[in-house]
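A structural walkthrough
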Amino acid sequence: MDIAALRDQQRQRAAEVRCQDDFDVLPPRLIGGADVGFEQGGEVTRAAMVILEYPSLKVIEHQVARVATTMPYIPGFLSFRETPALEAAWQQLDHHPDLLLVDGHGVAHPRRLGVASHFGLLVDIPTIGVAKKRLCGKFEPPAAEPGSCQPLMDKDELLGFVLRSKVRCNPLFISPGHRVSHATALEWVQRCLQGYRLPEPTRWADAVASRRPAFSSLSLG
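Residues numbered from 1 in each chain as written. Predicted model: local features only at pLDDT ≥ 70, side-chain atom pairs only at ≥ 80, totals over all residues. Heavy atoms only, no water.

- An unreviewed UniProt entry annotates the protein as Endonuclease V of Erwinia sorbitola.
- Among the UniProt annotations of the protein, the heading Subcellular location (unreviewed entry) holds the following wording: "Cytoplasm".
- According to UniProt, the comment filed for the protein under the heading Sequence similarities (unreviewed entry) is "Belongs to the endonuclease V family." (UniProt positions renumbered as here; feature names shortened; annotations may be inferred.)

Below you can see the structure in the form of structure tokens.
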């Protein structure tokens, strides 16, 4: 595995990422959620995508794709490992979203190319990274109240926001993926919260991917 070549690819692609609002439809009619996991000891990559109507946030479609994993786990290069399965799930969708929330980072990445940015470039739609853990940057802890947030900074550069989405839960790390500004990324994650730690698009994607109890109650109209 040529790490130097992958690093160069990241820098080249990161230069193409746009952290400005560029929506084809606003407000979005359909919002997607994406979640990636691994099976069989990492040999299979599983990607789940859900499509929700807005503003009802009702799930109207879900797809799961499983593909052979083609790359080992290398910290900082996870998007190369995850995007093949995401592309496969994307191709299975009957409805493509106007905005996609991805479980992972956007530009809050050492080379500014987390999976939300990488995949946003591949399919050329607005994307937002919604991560559960910090990858880089510094921040002051947000207050305990839901809705509290703090900027995630790398020196003088704004990477995203650290959002307390639910009381007594660890915060989320929100960053633009592609074609979304920092403020708009935070706004749409907040609009998609319904009392859980995760916003509805990635909460449902996680439920579908993991076949959590919530998934068994999912009814599609």
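1. Re the overall build of the protein
- Counting its regular elements, the protein contains six helices and eight strands.
- From first element to last, N terminus to C terminus, the protein shows the α and β order α-β-β-β-α-β-α-β-β-β-β-α-α-α.
- By the compact-globule yardstick of 17 Å for 221 residues, the protein fits well, its C-alpha radius of gyration being 16 Å.
- Put simply, the protein has 221 residues, and 56% of those count as buried. (Helix = DSSP H or I, 4+ residues; strand = E, 2+ residues; numbered from the N terminus. Rg over C-alpha atoms; globule rule 2.2 N^0.38 Å. Buried < 20%, exposed > 50% of the residue type's maximum accessible area, 1.4 Å probe, protein only.)

2. Focus: the layout of surface pockets
- Estimated volume of the largest pocket: approximately 530 Å³.
- Lining the largest pocket are 25 residues, with L78, E82, D103, G104 and H105 sitting closest to its centre.
- Looking at the lining of the largest pocket, the elements that each hand over two or more residues are strand 1 (30-39), helix 2 (78-92) and helix 5 (200-210).
- Of the residues belonging to the lining of the largest pocket, the class tally is nine nonpolar, eight polar and eight charged. (1 Å grid on protein atoms, 1.4 Å probe; cavity = no way out; pocket = protein on both sides within 12 Å on 5 of 7 lines; lining within 4 Å. Points joined across faces, edges and corners; volume = space filled by probe spheres on them. Nonpolar A, V, L, I, M, F, W, Y, C, P; charged D, E, K, R; others polar.)

3. Digging into the environment of F119
- The topology assignment puts F119 in helix 3 (residues 115-123).
- As for F119 and E82, which are separated by 37 residues in sequence, their C-alpha atoms are 9.1 Å apart.
- Contacts of F119, omitting those with residues within four sequence positions, involve M49, T83, L86, E87, W90 and L100. (Contact = heavy atoms within 4.5 Å.)

4. A few points about the packing of aromatic side chains
- Across all of its chains, the model carries three aromatic pairs by this definition.
- Ring centres 4.9 Å apart and planes at 70° place the aromatic pair Y54 and W188 in the edge-to-face group. Taken together, the residues span a long stretch of sequence, with Y54 in the loop between strand 2 (44-53) and strand 3 (59-68) and W188 in helix 4 (residues 182-191) at a distance of 134 residues.
- Note on W90 and F119: the rings are 5.9 Å apart at their centroids and 80° apart in plane angle, and the pair reads as edge-to-face. Here F119 lies in helix 3 and W90 lies in helix 2, a separation of 29 residues in the sequence.
- Under the relative-accessibility criterion, F119 is labelled buried at 0%.
- One Lys or Arg, R203, reaches over the ring of Y196 and ends 3.8 Å from the middle of that ring. (Phe/Tyr/Trp six-rings, centres within 6.5 Å; stacked < 30°, edge-to-face > 60°. Lys NZ or Arg CZ within 6 Å of the ring centre and 35° of its normal.)

5. Structural notes on the UniProt feature "site: Interaction with target DNA" (unreviewed entry) in the protein
- Here the UniProt feature "site: Interaction with target DNA" (unreviewed entry) sits at Y73.
- Mapped onto the elements, Y73 comes out in the loop between strand 3 and helix 2.
- Ignoring sequence-local partners within four residues, the contact set of Y73 consists of L78 and R81.

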